[in-house]
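If you want the building blocks of each chain, they are given just below.
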Amino acid sequence: MTATIAECLPPRALWPERVYTLPEVRYPARLNVARELLDRHAEGDRGGRPAIFSQDQVLTYGELARRVNRLAHGLRAAGITRGDRLLLRTPNCPEFIITWLACQKLGVVTVATMPMLRARELAYIAADAGATAAVVWGGLREELEKARAQAPDLKQLIVAGEARAGDLAWAGLLEGQPERLEAEETGADEVAMVAYTSGSTGVPKGCVHLHRDILASADSYARYVLTPSEEDRFGGHPTLAFTFGTGGLLVFPFRFGAATVLMGPFEPERMLETIARHRISVVFCAPTSYRLMLRVPELERRYDLGSLRLAVSAAEPLPAATYTEWAERTGVECLDGIGSTEMFHIFISSVKGRVRPGATGVPVTGYDCRVVDEAGNELPAGQAGLLAIKGPTGCKYWRKPDRQAEYVRFGGWNVTGDVYVRDADGYFWYQCRSDDMIVSGGYKIPGPEVEHVLDEHEAVAESAVVAAPDETRGYVVKAYVVLKPGVAPSEELAAELQEHVKRELAPYKYPRRIEFVERLPRTETGKLRRVELRQREQEAARKAGA
Ligand code: 3UK
């Protein structure tokens, strides 16, 4: 028996306190996110405006609304109704957006999964979410079909893109269906989606977002930081299944009647070409992607980036050096912002014209952000502590009451697990994840701080710094280093890197151990998986001790 939604939500007493300091986020009790994002823009003359650019296809708001309505009728005819959970597994293509909006119109809860996930991970998510149906892209069906053995509730597979004989085809569901459909009268507090974390710190956790949460992110972050208009075109590479992408490539453009530009997998040249060809004005990328684009020779001469008004960087800190080089070469400001799957999107961001390179930025209008100690007391400027957030969005873990109590603490604050310093001017500076703090011989050393310094060395392409168990010191600082092409690893170079860190930072922070590697482990969303390197070190220590 599939669990009911009410059984999967955390107890109300453990919900974060919701803060509505902005008039824009005080929504009526009846609210349907798809009506707000789509139907408002599809009526009358406005329906002729572009909504989605994908390869050589353009979908107007009017056409998009007709397809969404036809699919919604088709899903209903297939027995899928309000409160059901539908797993969504496609690349970044119009079918994702059409399915997502059709589900929202019906009050069906979407559970989008990253295209790269494998059968075991998909089975976990499908079973945990209680998904009874899935929309899957033909080219991504195999792993989901394997997963079905462990996900008994998953009864219907709807195949989009290339379907085979005998499939319940996505395209078939639209056939002969009416082009109009009134959205369900969903509640503002009704569950719209469950987004799974990438699991960079353990098993994936479902994060619930209500109809109002999704709009609130657009009406705080997007409205005030991106100042969008109907003329904007949003683009970028994050998968639509990641809330960074759901916001940047679906919710934000559609909230403001703008267009979204979808593209295939990220490659630096393809991203630059897409910006130029589709006149993208706001682009969303992870910091690594900006660095890769900057490596494209003569990018400023070869690509016309004149349409670009803003670049957004999230998922990992944007180093000052990347910010500066991007600004100098493209003339466009890159706004760092920290967001999370739990909060739906960005809650601290840099603001155009007031960027401090290296800082994440200032609290997004509508959010209250503090740095606190382990007891929840606010710390003065300059002291490192835990980041605590309150705002119109917040963490509600699906079926994880224990994790919920860890995330929501100190009387309703969201505690993200990040260590931050607030400066005297109110800017927030990222230090590390609380579990990336290396304690060595009694010293506290933020691994990422050492990485930044290593990365400044001319021989280094990138690095990852973690704690390695050590008999004398408890732990020591261990650096995994990827060298630039053409640079050969050697003991001399390792010693030189150690000296470099000692010169730039308090000497106790230098990496006592250095290992040269070809590449670093990353999640699909581009995050460094330090957890994997930590485990490797634990394992090695265990073997050495045995
Ligand atoms: C880290 C950052 C420093 C930080 C995300 C924008 O990354 C997103 O969501 P995830 O759930 O991870 C959340 C964690 O990632 N992080 C994200 N951005 C930054 N650290 N500087 C940054 N700018 O540890 C945070 O707790 O995968 C980002 C929008 C939506 C998202 N889901």
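Residues numbered from 1 in each chain as written. Predicted model: local features only at pLDDT ≥ 70, side-chain atom pairs only at ≥ 80, totals over all residues. Heavy atoms only, no water.

From N to C terminus, the protein includes 17 helices and 26 strands. Expected size for 546 residues packed as a compact globule is a radius of gyration near 24 Å; at 24 Å, the protein falls within 12% of this value. Counting only C-alpha atoms, the protein reaches 70 × 55 × 50 Å along its principal axes. Look at the contacts in the protein between residues 6 or more apart in sequence, and 67% of them connect residues 24 or more apart. (Helix = DSSP H or I, 4+ residues; strand = E, 2+ residues; numbered from the N terminus. Rg over C-alpha atoms; globule rule 2.2 N^0.38 Å. Contact = heavy atoms within 4.5 Å.)

By nearness alone, 20 residues border the ligand, and T243, D336, G337, T341 and D418 come closest of all. Side-chain polar atom of T243 to a nitrogen atom of the ligand: 2.8 Å apart, as the coordinates give it. Here R433 contributes a side-chain N or O atom positioned 3.0 Å from an oxygen atom of the ligand. When isolated, the ligand has an accessible area of 620 Å², and the protein chains bury 95% of it. Listed by contribution, the elements that provide at least two residues to the shell around the ligand are α9 (243–255), β14 (334–339) and β21 (428–433). Counted by class, the shell around the ligand contains nine nonpolar, six polar and five charged residues. (Near = heavy atom within 4 Å. Polar contact = N/O pair within 3.5 Å; in protein donor to acceptor, adjacent residues only side chain to side chain. Areas by Shrake-Rupley, 256 points an atom, 1.4 Å probe, with all protein chains shown as cover. Nonpolar A, V, L, I, M, F, W, Y, C, P; charged D, E, K, R; others polar.)

Let us now look at the sheet that holds strand β25 (residues 474–483). With respect to topology, three strands assemble into an open sheet ordered β24-β25-β26, the strand pairing being mixed. The two strands at the open ends of the sheet, each matched to only one other strand, are β24 (460–470) and β26 (513–516). When strand polarity is set aside, the average angle formed by the axes of neighbouring strands in this sheet is 25 degrees. Here β24 runs beside β25; their pairing, made up of 10 bridges, is antiparallel. Along β25, the bridge assignment pairs A468 with V476. Along the sheet, helix α15 (residues 447–456) makes contact with β24 and β25, crossing β24 at roughly 145 degrees. Of the strands in this sheet, β24 and β25 are in contact with helix α17 (residues 530–545), which crosses β24 at around 45 degrees. (Pairing = 2+ DSSP bridges. Axes fitted to C-alpha atoms, helices over the stretch in contact; angles between N-to-C directions.)

Here we take up the nonpolar core. Grouped together as the largest cluster of nonpolar side chains are 147 residues, with contacts concentrated most on L64, L75, W100, L101, L226 and F254. If you count residues domain by domain, this core takes at least three from each of domain 1 (1–15 + 211–434) and domain 2 (32–49 + 60–186). Leave out the neighbours within four places in its chain, and L75 touches I80, L86, A102, C103, L106, I158 and L173. In this structure, A467, L493, L505 and I514 belong to the second largest nonpolar core, which totals 20 residues. (Core = buried A, V, L, I, M, F, W, Y, C linked by side-chain atoms within 4.5 Å. Buried < 20%, exposed > 50% of the residue type's maximum accessible area, 1.4 Å probe, protein only. Domains from an automatic or database assignment.)

Applying the stated criterion across every chain yields a total of 46 salt bridges. For E231, the salt bridge is made with R49, and the minimal N-O distance between the two is 3.9 Å. With E231 in the loop between α8 (211–226) and β10 (233–236) and R49 in the loop between α2 (33–42) and β1 (50–54), this residue pair connects regions lying 182 residues apart in the sequence. Judged by its relative accessible area of 23%, R49 falls in the partly exposed class. With a shortest N-O distance of 3.0 Å, R141 and E145 are connected by a salt bridge. Here the residue R141 and the residue E145 both occupy positions in helix α6 (residues 141–147), the gap between them amounting to four residues, near one helical turn. (Salt bridge = Lys/Arg side-chain N within 4 Å of Asp/Glu carboxyl O.)

Here we come to the pairing of β14. For β14, the tally of buried residues reaches five of six residues, placing the bulk of the element in the interior. Where strand β13 (residues 310–313) and β14 come together, three bridges link them in parallel fashion. By the bridge assignment for β14, A311 is matched with C334. On the question of chirality, the crossover connecting β13 to the parallel β14 by way of helix α13 (residues 320–330) is right-handed. Relative to strand β15 (residues 346–349), β14 runs antiparallel, the two sharing three bridges. Within β15, the residue paired with G337 across the bridge is S349. Two successive antiparallel strands, β14 and β15, enclose a turn made up of six residues, where F344 displays a positive phi of approximately 75 degrees. (Right-handed = clockwise from strand over helix to strand, strands pointing away.)

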